[in-house]
Amino acid sequence: MSNPGDQNSTPITQTAQLVSILAEGCKPREKWRIGTEHEKFGFIRPELADGRQPYAPPPYAPKGIEALLTDLAKNKGDWSPILDKEKLIGLKGQGECKSQSISLEPAGQFELSGAPVASLHDTQAEMQRHFDAIRAPSEALGIGFAPLGFQPLWKRDAMPIMPKSRYAIMRRYMPHVGSLGLDMMTRTCTVQVNLDFASEEDMVRKMRVSLALQPLATALFANSPFYEGEHNGFLSNRARIWTDTDNARSGMPDCVFEEGFGFRAYVEWLLDVPMYFIVRDGEVRDVAGASFRRWLNGEDQSKLKGLTPTLGDFEDHLTTAFPDVRLKQFLEMRGADAGRPDMMVAQSALWVGLLYDEDALTAAEALVYERPWSDYRTLRNQVPRHAMNAEFPGGLHALSQKVLAIAEQGLKARGLGEEKYLEPLHEIAAGGPTQAEYWLSLYETKWNRNVRPIFDAAAI
């Protein structure tokens, strides 16, 4: 949104209105698109440090993230500013960048939310254009960017804070609901793909398949083996963080696997997810911990006294739930670490191949239903440490080969030559190292157990 005051002020009078918000996402197949979002950590380049600490995360200001956003908005006609209390906290695309946006995660992780595009070739090209566009202005500020799943070196209190109102609320609330929420905010980066559905039935099929296989994706894309300068035994520290961030709003919600799941069941789950904030008169108000359901029922809650819930409030609330697959007016795949550009495109390719072809989706369903849902929930807790070596009946390498074979056929059926983007995943499925294992091999040998070289090695 361009500012915190832009929202739908229609009062909520019945739950059916909330169900309709989700149902409006249904699209005919010819209008299905691919939207990819990816994050990356900034770091001070040692050769351009100019007295600053090499590899430290860049501040908001001076000579940091704010300056980069300003340069991007000033030097090209592709962006307009997004402000929060007069602070520049993102960019909205226009011109060649229409339908894209650049936003900041709480510690300045730099995110591109890509436009809805027709093919994975467009995804790859959009990603490369973004990297090319930020390279020169970043270099002028002495900043580099590395897409990794977890900040490999710096402690939480060394991370900067971005001036975004909702993040201040989350920082206050997170320690009350989990031990690792502040780490999620400040020290993780992900890549996700957003995909469409044709109907409620289509959404349910896609959500169940993708949620069950999300732990496999976490294993394939594991890219965060370091914690404060050392290997702490995990291959995806990002995924570990999510096991104790705020389990009331994250993970693999049971309702998805229950009979009768659909838009209404997801709404009912959301109504019991504790709130973070509401927006009134352009101000983001802290209502953290309040119940949306009780608010709708007219029950007295001091933080919401005298206020009427609106559709805009619910649309904001949708964005504060963090399941491994999130339902909005599309489905968001949220289980992967940020990584190499080819791996980030591969993440989109995996899910497009599985979910956008009817025969592939049917085959993926059949494969998933070979095991009980509980097996996938158990797997989710194992992959942060073990990645592809996590215990699973038949092994994850065998499962990944079957999944990738289905995805490849799904992409071939599209007839666009997109199956080539799966190649890095085929290598891992065949026994090759994950990104995390590759970094660990360098750490133990060439880098002499010094993690700092990862920033330059991973830089885009």
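Located above this text is the structure these notes cover.
**With respect to the pattern of salt bridges**
The final tally for this structure, using the stated rule, is 30 salt bridges. Among the salt bridges present, the one from Glu-358 reaches Arg-205, with a minimum N-O distance of 3.0 Å. Highlighted residues: Glu-358 in helix 12 (residues 358-368) and Arg-205 in helix 6 (residues 200-220), separated in sequence by 153 residues. Classification of Glu-358 by relative accessible area gives partly exposed; the value is 35%. On the basis of relative accessibility, which here comes to 17%, the residue Arg-205 falls in the buried class. With a closest N to O distance of 3.1 Å, Arg-294 and Glu-299 form a salt bridge.

**Section: the nonpolar core**
One finds Phe-314, Leu-350, Trp-351, Leu-354 and Leu-396 to be the most contacted residues of the largest nonpolar core, which totals 119 residues. Broken down by element, this core gets its largest block of residues, 11 residues, from helix 6. Filtering out sequence-adjacent residues up to four positions away, Leu-354 remains in contact with Leu-213, Ala-360, Leu-361, Ala-364, Val-403, Ile-406 and Ala-407.

**Comments concerning the environment of Leu-18**
Note that Leu-18 resides in helix 1 (residues 15-23). Taking the C-alpha atoms as reference points, Leu-18 and Glu-268, 250 residues apart in sequence, are found 9.6 Å from one another. Each residue touching Leu-18, except ones within four places of it in the same chain, is listed here: Ile-12, Val-267, Leu-271, Leu-296, Leu-311 and Phe-314.

**Re helix 11 (residues 341-355)**
The end-to-end C-alpha distance of helix 11, which contains 15 residues, comes to 22 Å, matching closely the 21 Å that a straight helix rising 1.5 Å per residue would cover. Counting buried positions over the 15 residues of helix 11 gives 13, a clear majority of the element.

**Points about unusual backbone geometry**
With an omega of -5 degrees, the peptide bond between Ala-61 and Pro-62 qualifies as cis. In this fold, Pro-62 is placed in the loop between strand 1 (34-44) and helix 2 (65-75). In this model, Asp-50 sits at a positive phi of 50 degrees, which is unusual for a non-glycine residue. Positionally, Asp-50 belongs in the loop between strand 1 and helix 2.

**With respect to the pairing of strand 5 (residues 110-113)**
Side chains Phe-110 and Leu-112 project from strand 5 onto one buried face, and the interleaved Glu-111 and Ser-113 project onto a second face that is buried too. Bridge analysis of strand 1 against strand 5 gives 4 bridges, and the strand direction is antiparallel. When the bridges of strand 5 are listed, Glu-39 appears paired with Glu-111. Looking at chain direction, strand 4 (residues 101-104) and strand 5 are connected through 4 bridges and run antiparallel.

**Concerning the side chain of Gln-192**
Here Gln-192 shows up in strand 7 (residues 190-195). Among the polar contacts listed, one links the side chain of Gln-192 to the side chain of Asn-194, at a separation of 3.1 Å. Setting aside chain neighbours within four positions, we find Gln-192 in contact with Gly-35, Thr-36, Glu-37, Glu-332, Met-333, Arg-334 and Gln-347.

**Brief notes about the environment of Phe-314**
One can find Phe-314 in helix 10 (residues 311-318). A C-alpha to C-alpha distance of 9.2 Å links Phe-314 and Ile-21, two positions 293 residues apart in sequence. Dropping the residues within four chain positions of it, Phe-314 is found in contact with Ile-12, Leu-18, Ile-21, Val-267, Leu-270, Leu-271 and Phe-292.

Reading guide: rules and limits
Residues numbered from 1 in each chain as written. Predicted model: local features only at pLDDT ≥ 70, side-chain atom pairs only at ≥ 80, totals over all residues. Heavy atoms only, no water. Salt bridge = Lys/Arg side-chain N within 4 Å of Asp/Glu carboxyl O. Helix = DSSP H or I, 4+ residues; strand = E, 2+ residues; numbered from the N terminus. Buried < 20%, exposed > 50% of the residue type's maximum accessible area, 1.4 Å probe, protein only. Core = buried A, V, L, I, M, F, W, Y, C linked by side-chain atoms within 4.5 Å. Contact = heavy atoms within 4.5 Å. Expected span 1.5 Å × (residues − 1). Pairing = 2+ DSSP bridges. Polar contact = N/O pair within 3.5 Å; in protein donor to acceptor, adjacent residues only side chain to side chain.

Any functional reading would require information that these geometric values do not contain.
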